[in-house]
Amino acid sequence: MVAGLRPARATVTVDLAAIAANTRLLREAARPAELWAVVKADGYGHGAAAVGRAAFDAGASRLCVATLDEAHALLRDLPDAPLLVMSPLVAGEEDLAVEIDVAVSSVEGFTRLRSAARLPVGVHIKADTGMGRWGMDEDEALRIGAELADSTGPLRLAGLMSHFASSESDADFTARQLERFERLSEQFPPCPRHIANSAATLGVPGARFDAVRCGIAMYGLSPYGGDPAEHGLTPALRFETAVAQVKRLGQGESTGYGRRFVAERPVWIGLAPAGYADGVPRMMSGEMEVLVGGRRRRVVATISMDQLTFLIGDACDVRPGDPVVLIGEQADEAIRAEEWARLCETINYEIVCDIAPRRRRVEHVILDA
Ligand SMILES: *Cc1c(COP(=O)(O)O)cnc(C)c1O
């Protein structure tokens, strides 16, 4: 508990020292390319403005977001930050009220921007090299690139970009995308070229070009879904609550919806006030563990909207008020977002993003020591 805060049901703590350390590590891995910090979805649930400021201080030179709304929100806290909006603008958004860089991924998108833009806009041409999602084909990219290189209007050629489909898992396909990007950039007018995400920055030296766009690794999460420590990364997010009550179930008594857990013999259980509305996926019921008293304890009952129940055992070694670590470390044990992702058959990205919208219920603390 940080002094001065009102008591919270649950707390997400974001350690900016970890963000800074990861940023410096990625900056070194990318050198001499620039490091651009990806802070879309409110910084993968960590808080975009605080993370963005820490990333700048540690050597990042641009912040990347998905939407214009995210860019506007960031500019309120970081008015001087160079920004790139990576997803296509929604039709009608092109009349930009701020000086900003945007990715353009289609000829139609470019045409709309050209007729609407009045303030200077840096345009990053997004080419599809195999993602099969946003991005124009090579010929379109070359045509628009040439037009922009000669442009005297508010639009300025600011970059050529693409995005990998499976840089964390498929070296052959990544090499094919890289080859297409190299060929395209050789014919393209000179400008900053960027294609690498976290996995490519850490694992594909040839993919670094002039800048890399790193998200997940900057938060200390593994782009490969394994242990972030293997790559020297430090997780920044801790998710914690506290024991609200302990109670003893008699033989044959159950706890929670659906009576998922029935005591075969008398046992102690602990209740903690965090549930699926706080970002603890219900599908981890019976599977997930929490750290209490420096030990792993299984969450045995069905996870409710607002609370979860963990097994203590025959003897009660837990007291109300004891910290319950959902994600983070306690004594020598650690529970990582990657562990949740495996249980939920998803990726750590989704896990941390889903903790984000609970801010009115879960206290967010930024440690900036
Ligand atoms: C989200 C995103 C990134 C960052 O990817 P990570 O795997 O989190 O490093 C880079 N580029 C684009 C276009 C993105 O949408």
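Along each chain, residues carry numbers from 1 onward, in the same order as the chain's sequence is written. Only residues with pLDDT of at least 70 are given local features in this predicted model, and only at 80 or more are side-chain atom pairs given and counted; all residues enter the totals for whole chains, interfaces and linings. For side-chain calculations, the full set of non-hydrogen atoms in the structure is used, while hydrogens and water are omitted.

Asks: Which parts of the structure should I look at to understand helix H6 (residues 138–149)?
Replies: Structural remark: α-helix, 3.6 residues per turn; residues separated by three or four positions point the same way. Taking 1.5 Å per residue, 12 residues should reach 16 Å; H6 reaches 16 Å between its end C-alpha atoms and fits that length. Within H6 the residues assigned to the buried category are Ala-141, Leu-142, Ile-144, Gly-145 and Leu-148. Any pair of residues with heavy atoms lying within 4.5 Å of one another is described as a contacting pair. Here a helix means four or more residues in a row that DSSP labels H or I, a strand means two or more in a row labelled E, and each is numbered from the N terminus. Against helix H5 (107–116), strand S6 (121–126), strand S7 (155–161) and helix H7 (171–187) lie the buried residues of H6. Expected span of a helix, by definition, is 1.5 Å for each gap between consecutive residues, and there is one gap fewer than residues. Note on exposure labels: buried denotes an accessible area under 20% of the residue type's maximum, exposed denotes more than 50%, and partly exposed covers the range between, all computed with a 1.4 Å probe on protein chains only.

Asks: Would you explain the sheet that holds strand S17 (residues 308–313) in this entry?
Replies: Each strand in a sheet pairs with another by means of backbone hydrogen bonds, the pair being arranged parallel or else antiparallel. Spatially, 3 strands are ordered S11-S14-S17 in an open sheet, and the strand pairing comes out antiparallel. Single-partner strands in this sheet number two, and they are strand S11 (245–249) and S17. Neighbour-to-neighbour, the strand axes of this sheet turn through a mean angle of 30°, independent of strand direction. Looking at chain direction, S11 and strand S14 (residues 267–272) are connected through 5 bridges and run antiparallel. Following the sheet pairing, Lys-247 is matched in S14 by Ile-269. One requirement defines pairing of two strands: DSSP has to find at least two bridges between them. To define axes, lines are fitted to C-alpha atoms, for helices over the stretch in contact only, and angles between the resulting N-to-C directions are given on a 0 to 180 degree scale.

Asks: Just checking my understanding: could you explain the side chain of Thr-302 for this structure?
Replies: Position of Thr-302 among the secondary structure elements: in the loop between strand S16 (295–298) and S17. With a relative accessible area of 6%, Thr-302 lands in the buried category. Of the polar contacts made by the side chain of Thr-302, one reaches the backbone oxygen of Tyr-257; its length is 2.8 Å. Polar contacts here mean pairs of N or O atoms no more than 3.5 Å apart (in protein, one a potential hydrogen donor and the other a potential acceptor; neighbouring residues in sequence count only if both atoms are side-chain atoms). Polar contacts involving the side chain of Thr-302 include one to the side chain of Arg-260, which spans 3.1 Å. Setting aside its immediate chain neighbours within four residues, Thr-302 contacts Tyr-257, Arg-260, Arg-282 and Ser-285.

Asks: Would you take a moment to explain the pairing of S6 for this structure?
Replies: Along a regular strand, successive side chains alternate from one face of the sheet to the other. Burial runs high along S6: 6 of the 6 residues are buried. Burial of S6 is two-sided: the residues Val-121, Val-123 and Ile-125 facing one way and the residues Gly-122, His-124 and Lys-126 facing the other way are all buried. Bridge analysis of strand S5 (residues 100–104) against S6 gives 5 bridges, and the strand direction is parallel. Paired with Val-104 across the two strands is Ile-125, which belongs to S6. Crossovers are described as right-handed under a simple rule: with the strands pointing away from the observer, the path leading from the first strand over the helix to the second runs clockwise. The β-α-β motif built from S5, the intervening H5 and the parallel element S6 has right-handed crossover chirality. When S6 meets S7, the two strands line up parallel, connected through 6 bridges. Residue pairing across strands places His-124 opposite Gly-159, the latter belonging to S7. Remark: the S6/H6/S7 crossover connection has right-handed handedness.

Asks: Which parts of the structure should I look at to understand the site of the ligand?
Replies: Around the ligand sit 13 residues in total, of which Lys-40, Tyr-44, Ser-198, Ile-216 and Tyr-349 are the nearest. Between a nitrogen atom of the ligand and a side-chain N or O atom of Arg-213, the distance comes to 2.9 Å. Here an oxygen atom of the ligand and a backbone polar atom of Ile-216 are 2.8 Å apart. In short, Shrake-Rupley with a 1.4 Å probe defines the accessible areas, and a residue's cover is counted only from the protein chains shown. For the ligand, whose unbound accessible area comes to 390 Å², protein coverage reaches 92%. For the shell around the ligand, the secondary structure elements donating two or more residues are helix H2 (40–44) and strand S9 (211–214). When residue character is reported, Ala, Val, Leu, Ile, Met, Phe, Trp, Tyr, Cys and Pro are called nonpolar, Asp, Glu, Lys and Arg charged, and the others, Gly included, polar. In terms of residue class, the shell around the ligand is made up of 6 nonpolar, 4 polar and 3 charged. Residues are classed as near a molecule or strand on a simple rule: at least one heavy atom within 4 Å of it.

Asks: Can you walk me through the confidence of the model for the protein in this structure?
Replies: Should pLDDT be low for a region, the predicted coordinates there are not to be read in detail. Within a predicted model, pLDDT stands for the predictor's per-residue confidence, ranging from 0 to 100. Across the protein, pLDDT averages 94, with 96% of residues at or above 70. Note that residues 1–5 has pLDDT below 50 and, in this model, 7 contacts with residues that lie over four places away or in other chains.

Asks: How should the domain arrangement of the protein be read in this particular structure?
Replies: The extent of an interface is frequently quoted as the accessible surface area lost upon association of the parts. Domain delimitation in this document rests on an assignment produced automatically or drawn from a domain database. Examined at the domain level, the protein breaks down into domain 1 (16–228) and domain 2 (237–353). Computed from C-alpha atoms alone, the centre-to-centre distance between domain 1 and domain 2 is 38 Å. Taken together, the contacts link 11 residues of domain 1 with 8 residues of domain 2. On the domain 1 side of the interface with domain 2, the three residues burying the most area are Tyr-44, Ile-216 and Leu-221, jointly 43% of the side's total. Counting the contacts that link domain 1 with domain 2 gives 2 residue pairs in polar contact (both at pLDDT 80 or more). Its residues assigned to classes, the side of domain 1 that touches domain 2 shows 6 nonpolar, 5 polar and no charged. A quick way to say it: buried area is the sum, across both parts, of accessible area lost when two parts are put together, with a 1.4 Å probe.

Asks: Please explain unusual backbone geometry as it appears in this structure.
Replies: Backbone geometry follows two general trends: most residues other than glycine have a negative phi, and most peptide bonds adopt the trans configuration. With an omega of 5°, the peptide bond running from Arg-31 to Pro-32 counts as cis. Turning to its location among the elements, Pro-32 is positioned in the loop between helix H1 (16–30) and strand S2 (34–38). Of note in the backbone geometry, Asp-42 takes a positive phi value of approximately 50° without being a glycine. Topologically, Asp-42 is positioned in helix H2. The exposure class of Asp-42 is partly exposed, given its relative accessible area of 30%. The backbone of Glu-345 sits at a positive phi, close to 50°, despite the residue not being glycine. Residue placement: Glu-345 occurs in the loop between helix H9 (337–343) and helix H10 (348–355).

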